[in-house]
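The residues making up each chain are set out below.
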Number of protein chains: 2
Amino acid sequence: MNIPRTSFPRIVIIGGGFAGISLAKQLGKKEVQVVLLDKHNYHTFQPLLYQVSTGGLEPDSIAYPIRKILKDYPNFFFRLAEVEEIHPESFTISTNIGDLKYDHLVIATGSKTNFFGNKKIQANSMQMKTIPQSLNLRSLILENFEEALLNDDLNERDALMNFVIVGAGPTGVELAGALAEIKKGILPKDYPDLDIRRVSINLVQGSDRVLPAMSEKASQGAEDYLQELGVHVWKNVRVEDYDGHLATTNTDISFETATLIWAAGVQGAVIKGLEAKDLLARGNRLCVNSFNEVQGYEGIYAIGDIACMTDEQFPDGHPMMAQPAIQQGTQLGKNLLRKIDGKTMKPFKYKDKGSMATVGRNKAVVDLPSFKFQGVFAWFVWMFVHLFFLIGFRNRMVVFINWVYNYVRFDREARLIIRPYKHKKMLQKVEQRQQVSS
Amino acid sequence: MNIPRTSFPRIVIIGGGFAGISLAKQLGKKEVQVVLLDKHNYHTFQPLLYQVSTGGLEPDSIAYPIRKILKDYPNFFFRLAEVEEIHPESFTISTNIGDLKYDHLVIATGSKTNFFGNKKIQANSMQMKTIPQSLNLRSLILENFEEALLNDDLNERDALMNFVIVGAGPTGVELAGALAEIKKGILPKDYPDLDIRRVSINLVQGSDRVLPAMSEKASQGAEDYLQELGVHVWKNVRVEDYDGHLATTNTDISFETATLIWAAGVQGAVIKGLEAKDLLARGNRLCVNSFNEVQGYEGIYAIGDIACMTDEQFPDGHPMMAQPAIQQGTQLGKNLLRKIDGKTMKPFKYKDKGSMATVGRNKAVVDLPSFKFQGVFAWFVWMFVHLFFLIGFRNRMVVFINWVYNYVRFDREARLIIRPYKHKKMLQKVEQRQQVSS
């Protein structure tokens, strides 16, 4: 990779998510050379992906060009690249655009969907971790209704209008709520010749409550909201298999559906070279000490979802969400500069700023360390916080306009099938066959 | 196709462009059954596609769900379908979702890019007639710069930063201007380690002036603006071949470029069943009489780009742009209702409302029937008119916000490679091979 060697130490960051960006911002103007690698040229604001899938927002509004975020940083280099392997012994990484030496390597690759080894579910279900995945889901939902119009077989038509969301974490809850609002506000107008009452939205949760990571109060509140919106909540039910039409569970409940969205788990997006089992914690995360150093390696750090830093309060590591990632990125930035100056690093301490989820208009639940609340005010807090953390003035304006519009008009206008998903899937299948045969 | 037969006469419209939509709006609330077919579920505002390609606007802002446009029309049916053939003898059309009988058939399929039979140019160049095509171009432009960063071969790097736009109609001129502004305002910040001075934007025009359809004054003004922006304008030059790297012309001028955008011609998007040569005018358009009836057929009409209605003022038919399409759609709507009521139809008369093109900030040319003007005021007129014709309040708001932002910040933020074009092209090639082999 043709990146000039300077007298400054080179810090290579893999991943432009919350963790990687907040780290880069700490380092960008200091006497270090920062090389940020990502397989996308944009930063994605993942908490709002579900609104892209449901036509509430346009993808460009929740993504932001990485080059622009850091354009004022003199010693900063971005490369659009996929990292293939880490070679700790030679302080080198190999990527699809060549090798690169590092002095300090920071792994901020985040997380990916965890199918717990079920290949069939993986092959047939939808995910929502990236913008392309969210656009695919948006297309599929709309394609299903267009197809339902043409289908005279009542069972197949119902399957096309039946949505199963597996996993009642924030993603699952927010997506279920959004779909319920679409069913109520948009589908009857868009598809007058379909019996929209038959549209059914199912939220399936393995444990005994939704939003298990939040307070009992929040879980109860969110579940009440979901019931109000007509979402079928299935607790203590685990989807065990899905062939693209029938989803079976550990109970006698099963679902005939053309659309199963898998939001039941995430795992660290580990890169080849470091997967030695002994340094992987639960959920494929890299064990790090309180300085985010990957255990057993020199000059290699991990931050955000991929990092598992345990203490008495977090025996399984910090929650895999934006806040710990941002805080670890900032902290590691300061620590690296200390280390380079020959000072000692300071251990990371997570400041829990609380968590929140929205179910629909005027419906949200907020857990703050101090107090917990729900309803209209919580919903406004949710919107304000998300607008605040969005990167870029234009994005904030456009998202704000869309939210006001959607609120006033009970509408979601970005419901365009811009890249048909079913067609794309066919292309990919063809490609896979091709690769196998060749 | 399962569309209920009613006592109302059935009018089938093929195409949801300017012509098809304005016709549907005339008919939607009358005692007729309207079936609108389109291969996309959205209407595209084509005049702004070039801003999608250049990151100034998000695709969803210039497209609009067809179902929403016509949701209040009781006798209106939309189907997402590709029409395969017209069978005039049986008053039937066959589509990829089944056959459909019609009482009146209106062909509003618009136009597609015309490569004048050059397969090699078609295979290697970019077009900009649809949203997916515009997104592909956006991705390719950005991918080229990411690739240029990695390429040490100076010639190849220049080819990646060299853009050739063939055809200096409004599309070509507006795209060239936008690229020039990106070169000036964005690339130096985004790619500090590239020598952006080497980026070259070439506009190639076969005739002796740009915007040949507009006034001499407008042509001169637009060319001056392009020069100011550093666009290389090549007049009386015709690109004759392009292999994906080298573009050769009828002169000794040739271009080494990785990106050739073909905006040199359009042709009617004719459907099988009516192509009998005698009813096709120049540019593959269907000859229609002053009532938009396709000559030699009963109950078949054509409007918009696909229709060629000639008179002394327009010996080659009306210009292939939005205004004639909208006016013909409205007029045919009224005429069809007259015909159904047993009244006589009124001949179409085109009201020329003028034409305009923008080259960049504060730079536009406007030809009105009464007078012609250019500069800042023309530019504001251009923006106002385009905002006015955009469908949907939300779209207008979002586009307006983006324009204000881009104007104040000299920026274009929607520069995300959301679906890598080069990868997609690979998939398609694989698919083609597959189809051939099977």
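Each chain carries its own residue numbering, running from 1 in the written order of its sequence. As a convention, the first chain written is A and the first ligand written is 1, with the rest following in written order. This being a predicted model, a pLDDT of at least 70 is required before a residue's local features are given, and a value of 80 or more before pairs of side-chain atoms are given or counted; all residues contribute to the totals for chains, interfaces and linings. To get the side-chain values, all heavy atoms of the structure are used, and hydrogens and water are removed first.

Peer 1: Help me get a handle on the overall build of chain A, residues and values and all.
Peer 2: Elements are defined by DSSP. Helices are runs of H or I of four residues or more, strands are runs of E of two residues or more, and each kind is numbered from the N terminus. A count of helices and strands for chain A gives 14 helices and 25 strands. In this treatment the radius of gyration is a C-alpha quantity, and the globule benchmark scales as 2.2 Å times the residue count to the 0.38 power. Its C-alpha radius of gyration of 22 Å places chain A within 12% of the 22 Å reference for a compact globule of 438 residues. Dimensions of chain A, computed from C-alpha atoms along their principal axes, come out at roughly 70 × 60 × 40 Å. Relative accessibility thresholds used throughout: buried, under 20% of the residue-type maximum; exposed, over 50%; partly exposed, between the two (1.4 Å probe, protein chains only). Looking at the 438 residues of chain A, the share that counts as buried comes to 60%. Note on contacts: a residue pair qualifies if any of its non-hydrogen atoms lie within 4.5 Å across the two residues. Sequence separation of at least 24 residues holds for 65% of the intrachain contacts in chain A that already meet a minimum separation of 6. In summary, the charge assignment counts Lys and Arg as positive and Asp and Glu as negative, without counting His or the chain termini. The location of each charge is read from NZ of Lys, CZ of Arg, CG of Asp or CD of Glu. Side chains of chain A carry 52 positive and 47 negative charges; the gap between the two charge centres is 6 Å.

Peer 1: How would you summarise the sheet that holds strand S5 (residues 76–80) of chain B if you had to cite specific residues and measurements?
Peer 2: Residues and elements named next belong to chain B. Strand pairing requires that DSSP identify at least two bridges connecting the strands. The parallel open sheet is built from five strands, whose spatial order is S5-S2-S1-S9-S21. For this open sheet the edge positions go to S5 and strand S21 (300–302), each flanked by a neighbour on one side alone. With direction set aside, neighbouring strand axes in the sheet form an average angle of 20°. Of the pairings in the sheet, the one linking strand S1 (residues 10–14) to strand S9 (residues 104–107) comprises four bridges and is parallel in character. By the bridge assignment, Ile13 is partnered in S9 with Val106. Axis definition: a line fitted to C-alpha atoms, over the contacting stretch in the case of helices. Angles run 0 to 180 degrees between N-to-C directions. Sitting on the sheet, helix H1 (residues 18–27) touches S1, strand S2 (33–38), S5 and S9, and the angle it makes with S1 is about 160°.

Peer 1: Provide a residue-level description of the interface of chain B and chain A, including the pertinent values.
Peer 2: With 55 residues of chain B at the interface, the matching set in chain A holds 55 residues. Summed over both partners, the interface of chain B with chain A buries about 5300 Å², with 57% contributed by carbon and sulfur atoms. Accessible-area loss on putting two parts together, using a 1.4 Å probe and summing over both, is the definition of buried area adopted here. Of all residues in chain B, the largest losses of buried area upon contact with chain A belong to Arg67(B), Arg394(B) and Ile418(B), amounting jointly to 13% of the total for that side. For salt bridges, the criterion is a side-chain nitrogen of Lys or Arg within 4 Å of an Asp or Glu carboxyl oxygen. The tally of links between chain B and chain A comes to 14 salt bridges. Note that Arg79(B) and Asp193(A) form a salt bridge whose closest N and O atoms lie 3.4 Å from each other.

Peer 1: If you had to explain the sheet that holds strand S25 (residues 372–374) of chain B to someone new, which residues and values would you point to?
Peer 2: All names here are of chain B. On the basis of which strands lie adjacent, the open sheet formed by three strands has the order S23-S24-S25 and antiparallel pairing. Two strands close off the open sheet at either side, each with one partner strand: strand S23 (355–360) and S25. Pairs of neighbouring strands in the sheet enclose a mean axial angle of 5°, with direction left out of account. Set on the sheet, helix H9 (residues 216–228) makes contact with S23, strand S24 (363–367) and S25; between it and S24 the angle comes to about 175°.

Peer 1: Mind laying out helix H11 (residues 376–389) of chain B, listing which residues take part and the relevant values?
Peer 2: All names here are of chain B. By this rule the span expected of a helix is its residue count minus one, scaled by 1.5 Å. Compared with the 20 Å implied by 1.5 Å per residue over 14 residues, the 20 Å span of H11 between its first and last C-alpha is a close match. What H11 keeps buried is the set Ala378, Trp379, Val381, Trp382, Met383, His386 and Leu387. Where H11 is buried, its residues contact helix H2 (49–53), helix H7 (170–185), S23, S24, S25 and helix H12 (393–409).

Peer 1: Can you tell me about the pattern of salt bridges, naming the residues and giving the values?
Peer 2: Per the counting criterion, the structure on display carries 44 salt bridges over all chains. Close ionic contact of Asp158(A) with Arg198(A) constitutes a salt bridge, the shortest N to O distance being 2.6 Å. Within this pair, whereas Asp158(A) is found in helix H7 (residues 154–160), its partner Arg198(A) is found in the loop between helix H9 (187–190) and strand S12 (200–204), the two being separated by 40 residues in sequence. Connected via shared salt-bridge partners are Glu58(A), Asp190(A), Asp411(A), Glu413(A), Arg415(A), Lys68(B) and Arg394(B).

Peer 1: Any details on the environment of Pro324(A)? Residues and values, ideally.
Peer 2: Residue and element names in this part refer to chain A. By the secondary structure assignment, Pro324 is in helix H11 (residues 322–340). Here Pro324 falls in the buried class, since its relative accessible area comes to 3%. Sequence separation between Pro324 and Asn236 is 88 residues; the distance between their C-alpha atoms is 29 Å.

Peer 1: Talk me through the relation of the copies chain B and chain A; I want residue IDs and the actual numbers.
Peer 2: With an RMSD of 0.0 Å, chain B superimposes on chain A once it is rotated by 180° and translated 0.0 Å along the axis. Such a combination of turn and shift is consistent with a two-fold rotation axis. Most of the interface of chain B is mirrored in chain A, where 100% of its interface residues are also at the interface. Fitting of the copies onto one another was done by least squares over C-alpha atoms, counting residues only where both copies have pLDDT of at least 70.

Peer 1: Can you explain the environment of Arg157(B)? Please cite residues and give values.
Peer 2: Residue and element names in this part refer to chain B. Relative to the helices and strands, Arg157 is located in helix H6 (residues 154–160). Distance from Arg157 to Arg198, taken between C-alpha atoms, is 9.3 Å for residues 41 residues apart in sequence. If sequence neighbours within four positions are ignored, Arg157 has contacts with Ala148, Asn151, Asp152 and Leu194.

Peer 1: So what's going on with helix H10 (residues 322–340) of chain B? Which residues, and what values?
Peer 2: Helix length check: H10(B) (19 residues) gives 27 Å between terminal C-alpha atoms against 27 Å at 1.5 Å per residue, within 8%. Gly342(B) occupies a position one or two residues after H10(B) and carries a positive phi of about 80°.

Peer 1: An account of the packing of aromatic side chains is requested, with residue identities and associated values reported.
Peer 2: The rule is short: rings of Phe, Tyr and Trp, with Trp giving its six-membered ring, pair when the centres are within 6.5 Å, and they are stacked under 30 degrees, edge-to-face over 60, tilted in between. Tallied over the full model, the rule gives 30 aromatic pairs over all chains. Judged by centre distance (5.4 Å) and plane angle (45°), the ring pair of Phe91(B) and Tyr102(B) falls under tilted. A residue pair is termed long-range when its members are at least 10 positions apart, and Phe91(B) in the loop between strand S6 (83–87) and strand S7 (92–95) and Tyr102(B) in the loop between strand S8 (98–101) and S9 qualify at 11 residues. Classification of Phe91(B) by relative accessible area gives partly exposed; the value is 25%. Ring centres of Trp379(B) and Phe380(B) lie 5.4 Å apart, and the angle between their planes is 75°; this geometry places the pair in the edge-to-face category. Aromatic ring contacts, followed pair by pair, group Phe145(A), Phe163(A) and Tyr191(A) into a single cluster. Only lysine NZ and arginine CZ atoms are considered, and such an atom sits over a ring when it is within 6 Å of the ring centre and within 35 degrees of the ring normal. Sitting above the plane of the Tyr407(B) ring, Arg361(B) keeps its charged end 4.1 Å from the centroid. Sitting over the face of the ring of Phe410(B), Arg361(B) holds its NZ or CZ atom 3.6 Å from the ring centroid.

Peer 1: Which residues make up the pairing of strand S15 (residues 246–249) of chain B, and what values do they have?
Peer 2: All names here are of chain B. Residue alternation in S15 divides its side chains into a buried set, Ala247 and Thr249, and an unburied set, Leu246 and Thr248. Examined bridge by bridge, strand S14 (residues 239–242) and S15 share three bridges and lie antiparallel to one another. In the sheet register, Tyr242 faces S15, and the bridge partner there is Ala247. What sits between S14 and S15 in their antiparallel hairpin is a turn of three residues, with Gly244 showing a positive phi close to 100°.

Peer 1: For the environment of Val376(B), give the residues involved together with the corresponding values.
Peer 2: Mapped onto the secondary structure, Val376(B) falls in helix H11. Separated by 11 residues in the primary sequence, Val376(B) and Val365(B) place their C-alpha atoms 9.3 Å from one another.

Peer 1: Outline a positive patch on the surface, listing residues and values.
Peer 2: A contiguous patch of positive charge on the surface is contributed by Lys334(A), Lys346(A), Lys349(A), Lys351(A) and Lys353(A). Structurally, Lys349(A) can be placed in the loop between H11 and strand S23 (355–360). Patch rule: a residue counts if its relative accessible area is over 30% and it has no salt bridge; like charges are joined within 9 Å, and nonpolar side chains (Val, Leu, Ile, Met, Phe, Trp, Tyr) within 5 Å. To be clear on the numbers: accessible area is Shrake-Rupley with a 1.4 Å probe, and residue cover counts the displayed protein chains and nothing else.

Peer 1: Lay out the packing of helix H12 (residues 376–389) of chain A against helix H13 (residues 393–409) of chain A with the relevant residues and their values.
Peer 2: All names here are of chain A. With their axes 10 Å apart at the nearest point, H12 and H13 run at an angle of 155° to one another. In terms of their interaxial angle, H12 and H13 are classed as roughly antiparallel. When the axes of H12 and H13 are compared, the crossing they make is right-handed. Listed contacts from H13 to Trp379, Trp382, Met383, His386, Leu387 and Phe388 of H12 are Arg396, Val399, Phe400, Trp403 and Tyr407. Counted by class, the contact of H12 with H13 contains nine nonpolar, one polar and one charged residues. By the definition adopted for this analysis, an angle is roughly parallel if under 35 degrees, roughly antiparallel if over 145, roughly perpendicular if from 65 to 115, and oblique otherwise. Note on convention: near helix rotated counterclockwise from far helix by under a right angle means a left-handed crossing. Clockwise means right-handed. All residues other than Ala, Val, Leu, Ile, Met, Phe, Trp, Tyr, Cys, Pro, Asp, Glu, Lys and Arg, Gly among them, are scored as polar; the first ten of these are nonpolar and the last four charged.

Peer 1: Just give me the short version of the domain arrangement of chain A, but keep the residues and values in it.
Peer 2: Residues and elements named next belong to chain A. Domain start and stop positions are those given by an automatic or database domain assignment. Each assigned domain of chain A is listed with its residue range as follows: domain 1 (10–39 + 81–113 + 267–340) and domain 2 (119–264 + 361–429). If you average the C-alpha positions of domain 1 and of domain 2, the two centres end up 31 Å apart. Listed by partner, the interface residues are five residues for domain 1 and four residues for domain 2. Between domain 1 and domain 2 lies a buried interface of about 430 Å² when both sides are counted; carbon and sulfur atoms form 59% of it. Considering only the surface of domain 1 that becomes buried against domain 2, Ser111, Thr113 and Gln323 emerge as the three largest contributors, covering 70% of it. Here domain 1 is connected to domain 2 by zero salt bridges. Each polar contact in these results corresponds to two N or O atoms within 3.5 Å; when the atoms are within protein, one needs to be able to donate a hydrogen and the other to accept it, and residues that are neighboring in sequence are counted only if both atoms are side-chain atoms. For the pair domain 1 and domain 2, the number of links is two residue pairs in polar contact (both at pLDDT 80 or more). Residue contributions to the side of domain 1 that touches domain 2 peak at three residues, all from strand S10 (residues 111–113).

Peer 1: Help me get a handle on the packing of helix H1 (residues 18–27) of chain A against H11(A), residues and values and all.
Peer 2: Residues and elements named next belong to chain A. Where H1 meets H11, the closest approach of the two axes is 7 Å, and the angle between their N-to-C directions is 30°. Taken together, the axis directions place H1 and H11 in an arrangement best described as roughly parallel. Of the two elements, H1 crosses H11, and the hand of that crossing is right-handed. Contact residues: Phe18, Ala19, Ser22, Leu23, Gln26 and Leu27 in H1; Ala322, Ala325, Ile326, Gly329, Thr330, Leu332, Gly333, Lys334, Leu336 and Leu337 in H11. A per-class count over the contact of H1 with H11 returns 10 nonpolar, five polar and one charged.

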